Amino acid sequence: MFTPTTSSPMTLGGLHHITAMASDPKRNLDFYTKALGLRFVKKSVNQDDPGTYHLYYGDNVGSPGSALTFFPWPGLRRGRAGQGQAYATAFSVPAGSQAFWVGRLKTLNVATSPIETRFADQVLSLADPDGMKLELVFTAEPDARTPAPYADVPATHGIRGFHSTTLAFAQPAATVALLTGVMGYRAVSTVGHRTRYTVASGGPGSYVDILTDPSIPRGLNGAGTVHHIAFRVADDAAQLVAHRILTAHGAHVSPIIDRAYFHSIYYREPNGVLFEIATDQPGFAIDEPVESLGTRLGLPPRLEPHRAEIEAALPKLD
Ligand code: ZN
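What counts and how
Residues numbered from 1 in each chain as written. Predicted model: local features only at pLDDT ≥ 70, side-chain atom pairs only at ≥ 80, totals over all residues. Heavy atoms only, no water. Helix = DSSP H or I, 4+ residues; strand = E, 2+ residues; numbered from the N terminus. Rg over C-alpha atoms; globule rule 2.2 N^0.38 Å. Buried < 20%, exposed > 50% of the residue type's maximum accessible area, 1.4 Å probe, protein only. Contact = heavy atoms within 4.5 Å. Areas by Shrake-Rupley, 256 points an atom, 1.4 Å probe, with all protein chains shown as cover. Lys, Arg positive; Asp, Glu negative; His and termini not counted. Charge placed at Lys NZ, Arg CZ, Asp CG, Glu CD. Donors = N, O, S within 2.8 Å, 3.2 Å for Na, K, Ca; no water. Pairing = 2+ DSSP bridges. Salt bridge = Lys/Arg side-chain N within 4 Å of Asp/Glu carboxyl O. Axes fitted to C-alpha atoms, helices over the stretch in contact; angles between N-to-C directions. pLDDT = per-residue confidence, 0-100.

(A) Fine view of the overall build of the protein chain. Counting its secondary structure elements, the protein chain contains five helices and 17 strands. Taken against the 2.2 N^0.38 rule, which gives 20 Å for 318 residues, the C-alpha radius of gyration of the protein chain at 19 Å falls within 12% of a compact globule. Taken over the C-alpha atoms alone, the protein chain extends approximately 50 × 45 × 35 Å along its principal axes. Sorting the 318 residues of the protein chain into buried and exposed places 56% on the buried side. Sequence separation of 24 or more characterises 67% of the internal contacts of the protein chain that already satisfy a separation of 6 or more. As displayed, the protein chain offers around 13000 Å² of accessible surface, 57% of which is attributable to carbon and sulfur atoms. Where the 27 positive side-chain charges of the protein chain centre and where its 28 negative ones centre are 4 Å apart.

(B) Spotlight on the environment of Pro-301. Turning to its location among the elements, Pro-301 is positioned in the loop between strand 17 (297–298) and helix 5 (307–313). Sequence-wise, Pro-301 and Pro-50 are 251 residues apart; in three dimensions their C-alpha atoms are separated by 13 Å.

(C) Highlighting the coordination of the zinc ion. Within the protein, His-17 (NE2), His-228 (NE2) and Glu-276 (OE) serve as the donor atoms for the zinc ion, at 1.9 to 2.0 Å. For the zinc ion, the donor residues sit on a single chain with the sequence spacing H-x210-H-x47-E. Residue His-228 is located in strand 13 (residues 226–233), and its partner Glu-276 is located in strand 16 (residues 274–282); the two are separated by 48 residues in the primary sequence. Each member of the pair His-228 and Glu-276 is classed as buried.

(D) Seen up close, the pairing of strand 13. Burial within strand 13 is extensive, with six of its eight residues counted as buried. Inspection of the sheet shows strand 1 (residues 15–22) paired to strand 13 by five bridges, in the antiparallel sense. Pairing of Leu-15 across the sheet is with Phe-231, part of strand 13. Sheet analysis places strand 13 next to strand 16, joined by five bridges and oriented parallel. Bridge pairing links Val-233 to Thr-279 in strand 16.

(E) Just the pairing of strand 10 (residues 186–191), in detail. Where strand 10 lies against strand 11 (residues 194–198), five bridges are found, and the strand directions are antiparallel. By the bridge assignment, Ser-189 is partnered in strand 11 with Arg-196. In textbook terms, the turn of a hairpin is the stretch between consecutive antiparallel strands, and for strand 10 and strand 11 this stretch comprises two residues, one of which, Gly-192, has a positive phi near 60°.

(F) Local environment of the pattern of salt bridges. With the rule as written, the count across this model stands at 16 salt bridges. Each member of the salt-bridge network shares a partner with another, and the members are Lys-26, Asp-30 and Lys-34.

(G) The arrangement of the sheet that holds strand 13 in detail. The sheet built from nine strands is open, its strands ordered 14-15-16-13-1-4-3-2-17 with mixed pairing. Two strands lie at the open edges of the sheet, namely strand 14 (257–258) and strand 17, each paired on one side alone. As judged from the six bridges shared by strand 15 (residues 262–268) and strand 16, these two strands associate in the antiparallel manner. Bridge pairing in strand 16 places Ile-265 opposite Ile-277. Across the sheet, helix 1 (residues 25–35) lies against strand 1, strand 2 (39–46), strand 3 (49–58) and strand 4 (67–72), angled at about 10° from strand 3, the strand it touches most.

(H) Main features of the confidence of the model for the protein chain. Here the protein chain averages 95 in pLDDT, while 97% of its residues score no lower than 70. A low-confidence stretch, residues 4–8 stays under pLDDT 50, and its non-local contacts, those more than four residues away or across chains, total seven contacts.

(I) Just helix 1, in detail. Taken together, the buried positions of helix 1 are occupied by Pro-25, Asn-28, Leu-29, Phe-31, Tyr-32, Thr-33 and Ala-35. Two residues or fewer past helix 1, Gly-37 is found with a positive phi of approximately 80°.

Given below as structure tokens:
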């Protein structure tokens, strides 16, 4: 279905955001801000289901490449990460921060797995309160991104944004053809069942790992699993080019959708994971000042007339 080309004019800049499903919104908010030290950069609603939140966490402004977002549905059944899904979500933290994070997460009663070596890095695996698979990648690779300011996570140890997403597929060939033949990704390295792909100038925030470990069970969607992976483009023009190229290669791509904080197109890659391409602009400061990001419920213009009833129906976060 996807025909490889020798050169792709698609200009992706790496990961933009990752969106996952959660159950209790307050517990989700507490974990990502108080345990991991991310900033709550936007309190909004699911535009397709405005009775539920869409919560965004990231660096100080929710820069592309740092934004982890959630649709929390109270009472949502827990899923299981597995084959056919974005299996794990990894953050970039400075090499040498292992003791800080192991100690911090222990103090906070967050279970972690023993640190493993992956390529040249050390990786600490943990789960969020819904069981979502998270990883801290302690890497010496250059990463100039600044962590969100947070009182008890020093910047020398803080999360700088995404490191990578890991996709678990038993039969990855068609996805690899899409990534490398159409989306401009290139293979970096393979160890065991894991192959790493990168795009643009590479480095943390660009990586997509594909894991072909046959012992991983089939994934089940639900709380604690990833809903979609968004890749970044600089602007609307680059997004139009991406739309045209994907369509020419047989992908069923959505129209461009205005998500208020970025413009988006969506398509499903051959193994079933929902991909999105989102613009870097306008960003989260479009409807509230940087100083107070995350405090006022952000609504797209079409929902603004219903603000009072929407706010009244949402669970309280504080
Ligand atoms: Zn998205």
